[in-house]
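Observations on the three-dimensional arrangement
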Amino acid sequence: AAFIFINTFIFTAAIMSDKKVDVLMVGTGEYTTGYVGGTKSDSDKGAGVVALTMFDLRRRGKVDRVAMCGVNGKKFPGIRTHMKRCIEDVYNEMDLTCDTFPKDGEVNPKSYVDACASCKPGDVAVIFTPDDTHFDIALECINKGMHVMVTKPIVQTLADHKKLAEAAKAKNVLVGVEVHKRLDPFYADARDRARSELGNFQYMYAYMSQPKHQLDTFKAWAGKSSDISYYLNSHHVDLTEWILAGIARPIRVTATASTGVAKARGMNTEDSITLTVQWQNLGDKSVGCGVYTSSWVAPKSDVHSQQRFFYMGTNGEINVDQAHRGCTVGQDGKPFASVNPLFMKYTPTNGYFSGQSAYGVKSFENFIDACAACNNGTKKPDDFDDGSIATVHTTFQGTAILEAGRMSLDADGQPMDLIYESDTEMHPTEIKAHTF
C-alpha cells in the first residue's frame, strides 16, 4: 500500500508540475501554524491547517514556493521548531522550506508590503490575520495581480467589500472567502436539500461557541478591532447566504449580547452575540427568520467548538450537529473527546499526511486548483461565482449582516435595514437604521 501511495504521488506530481502556484501565507497564528503564545495550541488545530496544507500541496506537486508573513519576526524561530516537531517529524517527505517576513528579530506591521513585493502576478495570497487588517492586506495583494483567499469575514464593512470586489474585477483575479463549512458533506447536503426540497425559507437557528481560553488566544484584537459575531457567526451567516442564493435575501438585522466574563478579565467585549435576521423570500415576498448565536466563553467540553444548526422550510426541516459525528476517543492522559476527522485528519497513514479528503484541506486545495486554472487560461475568475467558491462577488450579504449586527449592538439593539436598488437585486448597497 505504501508503494502504491508513493508512486501515485510521483505520478500526480509529474502531471501537475506545469500548474504549480506560489503561495504567500499572511498571518502566523493558530489556524496557519498551530503556534499560540510560544507553544502548540491546545485546540483541535495544534499542527495548524494552512501551512500544513500548503506543504502537503507542494509535496503533491501543486504548490512551489511557500512564504509566510507576520508582524513579529521574533516568533519565527519558535514557529520553525514547532512546525518541525508537528509536521516534518510526523509526516514523510514534507519540505518546510519557507521564506519569512519580516526578518527574524524584526517587528513590522507592514511587512506584508515587502512580502507582497516578493511575489508576482498569478501567485496566491492566503490571509489569516485580525479582521480589521483584511482589507489593506487583500487590496495590496490584489493590486499586485495576486489571487487572494481571506478568512471569514472577508472585511468588516459593506463599503470595503465593494472596493475589494471592484479591485478584483479590475485586476481579473480570483478573490474568495475561506468558509470551509461549505465543503463539509453534511452542510453541503443540507444546502442542496433545502434548495431543492424544503420550499420557502421559514426559520433557522445556529449556534457556535469556543471555550473561554480563546479570549487569551485572541486577546490582541478581541473587543478592540472585532468581536465574536464577526469571528463565529460568520460561518452560519455564510451558510444561509449560500443556501438561499437567488431565492431569498436578508432585509433586517437586530443584535443582542451577553456580557460579564470577558469584562471580568479586563476585556471590553461581548461574551456572546445573537443576530436575528429577517430574510425575504423573493418568489412571494414572505419572510423567514434566522437566529445566529456565537460565544467564546463556553466551558471546556468534549469538543473545542460546539456548532450546530436547525433549518426549517415550508416543506420540511433539517438538524445538523457539526460537533458530534458519532466518533469519540478516550485516551490515557487526555480528556474524553468527540472528534471530527471530516474537518482535519492529523493521524498519518503509512507515515504520510493523509488528510486530503478533509474539508479543512479541500477548502484550500480547491482554491489553489481554481487559481491554477485561471493562470493557465482554462477558467476565468468569474466562472467561480456559481457557488463552487465563496467569491468576493457572491458574499455581499454576509458582510452586510455582520456589519449591521455590529451597528445594531452599538445602537443599543436598534434594528438595521439592508437596502437594495430593486426588488430583485441580491447585493445590498447600504445599511440604514430602521424607523418604526
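Now for a description of the structure that goes with this document. (Residues numbered from 1 in each chain as written. Predicted model: local features only at pLDDT ≥ 70, side-chain atom pairs only at ≥ 80, totals over all residues. Heavy atoms only, no water.)

Observations regarding the packing of aromatic side chains
Across all of its chains, the model carries 13 aromatic pairs by this definition. With a centroid separation of 5.4 Å and an interplanar angle of 40°, the aromatic rings of Phe201 and Tyr311 are classed as tilted. Of this pair, Phe201 sits in strand E9 (residues 201–211) while Tyr311 sits in strand E13 (residues 306–313), and the two are 110 residues apart along the sequence. No difference in accessibility class separates Phe201 from Tyr311, as the two residues are buried. Considering the side-chain rings of Phe218 and Trp221, the 5.1 Å spacing of their centres and the 40° angle between planes classify their relative orientation as tilted. Residue Phe218 is classed as buried on the basis of its relative accessible area, which comes to 10%. The structure contains a cluster of three or more aromatic residues connected by ring pairs, namely Phe218, Trp221, Tyr231 and Trp296. Over the face of the ring belonging to Tyr420 we find Arg249, whose NZ or CZ atom lies 4.2 Å from the ring centre. Above the face of the Phe186 ring, Arg325 is positioned so that its terminal group lies 4.3 Å from the ring centre. (Phe/Tyr/Trp six-rings, centres within 6.5 Å; stacked < 30°, edge-to-face > 60°. Helix = DSSP H or I, 4+ residues; strand = E, 2+ residues; numbered from the N terminus. Buried < 20%, exposed > 50% of the residue type's maximum accessible area, 1.4 Å probe, protein only. Lys NZ or Arg CZ within 6 Å of the ring centre and 35° of its normal.)

Digging into the pattern of salt bridges
All told, the structure shown has 20 salt bridges when counted by the stated rule. Taking the shortest distance from any N to any O, the salt bridge between Asp123 and Lys120 comes out at 2.9 Å. Counted as one network, the salt bridges with shared partners bring together Asp56, Arg59, Arg60, Lys62, Glu365 and Asp369. (Salt bridge = Lys/Arg side-chain N within 4 Å of Asp/Glu carboxyl O.)

Quick notes on the pairing of strand E17 (residues 416–419)
Where strand E10 (residues 248–258) meets E17, two bridges bridge the pair, whose relative direction is antiparallel. Its bridge partner being in E17, Val253 is matched across the sheet by Met416. (Pairing = 2+ DSSP bridges.)

What to know about the packing of helix H8 (residues 185–197) against helix H10 (residues 228–243)
As a packed pair, H8 and H10 sit with axes 9 Å apart at the nearest point and diverge in direction by 40°. With respect to H10, the axis of H8 lies oblique. In this structure, H8 crosses over H10, and the sense of that crossing is right-handed. Taking contact as the criterion, the partners of Tyr187, Ala188, Arg191, Ala194 and Arg195 in H8 are, on H10, His236, Leu239, Trp242 and Ile243. Its residues assigned to classes, the contact of H8 with H10 shows six nonpolar, one polar and two charged. (Axes fitted to C-alpha atoms, helices over the stretch in contact; angles between N-to-C directions. Parallel < 35°, antiparallel > 145°, perpendicular 65-115°, else oblique. Left-handed = near helix turned anticlockwise from the far one by under 90°. Contact = heavy atoms within 4.5 Å. Nonpolar A, V, L, I, M, F, W, Y, C, P; charged D, E, K, R; others polar.)

Looking at the sheet that holds strand E5 (residues 99–101)
Each strand in a sheet pairs with another by means of backbone hydrogen bonds, the pair being arranged parallel or else antiparallel. Pairing in this open sheet of six strands is parallel, and the strands run E5-E4-E1-E6-E7-E8 from one edge to the other. Looking at the sheet topology across the chains shown, the edges are occupied by E5 and strand E8 (175–178). Sheet twist, expressed as the mean angle between neighbouring strand axes with direction ignored, is 20°. Alignment of strand E7 (residues 147–151) against E8, held across four bridges, turns out to be parallel. Bridging from a neighbouring strand, Met149 pairs with Gly176 of E8.

Regarding the layout of surface pockets
Reported here for the second largest pocket is a volume of approximately 290 Å³. In terms of residue count, helix H7 (residues 158–171) provides more of the lining of the second largest pocket than any other element does, six residues in total. (1 Å grid on protein atoms, 1.4 Å probe; cavity = no way out; pocket = protein on both sides within 12 Å on 5 of 7 lines; lining within 4 Å. Points joined across faces, edges and corners; volume = space filled by probe spheres on them.)

Thoughts on the sheet that holds E13
With mixed pairing, the eight strands of this open sheet are ordered in space as E14-E13-E9-E12-E11-E10-E17-E18. Looking at the sheet topology across the chains shown, the edges are occupied by strand E14 (316–321) and strand E18 (430–433). Taking each pair of neighbouring strands and ignoring which way they run, the sheet shows an average axis angle of 15°. Packed onto the sheet, helix H13 (residues 396–410) meets E10, strand E11 (272–281), E17 and E18 and runs at close to 35° relative to E10.

Focus: helix H4 (residues 76–88)
Taken residue by residue, H4 has Phe76, Ile79, His82, Met83, Cys86 and Ile87 as its buried positions. Burial along H4 is one-sided: seen end-on, the buried residues are contained in an arc of 120°. Of the surrounding elements, those touching the buried residues of H4 are helix H2 (30–33), strand E2 (35–36), strand E3 (39–40), helix H3 (50–59), strand E4 (63–69) and E5. (Arc of directions from axis to C-beta.)

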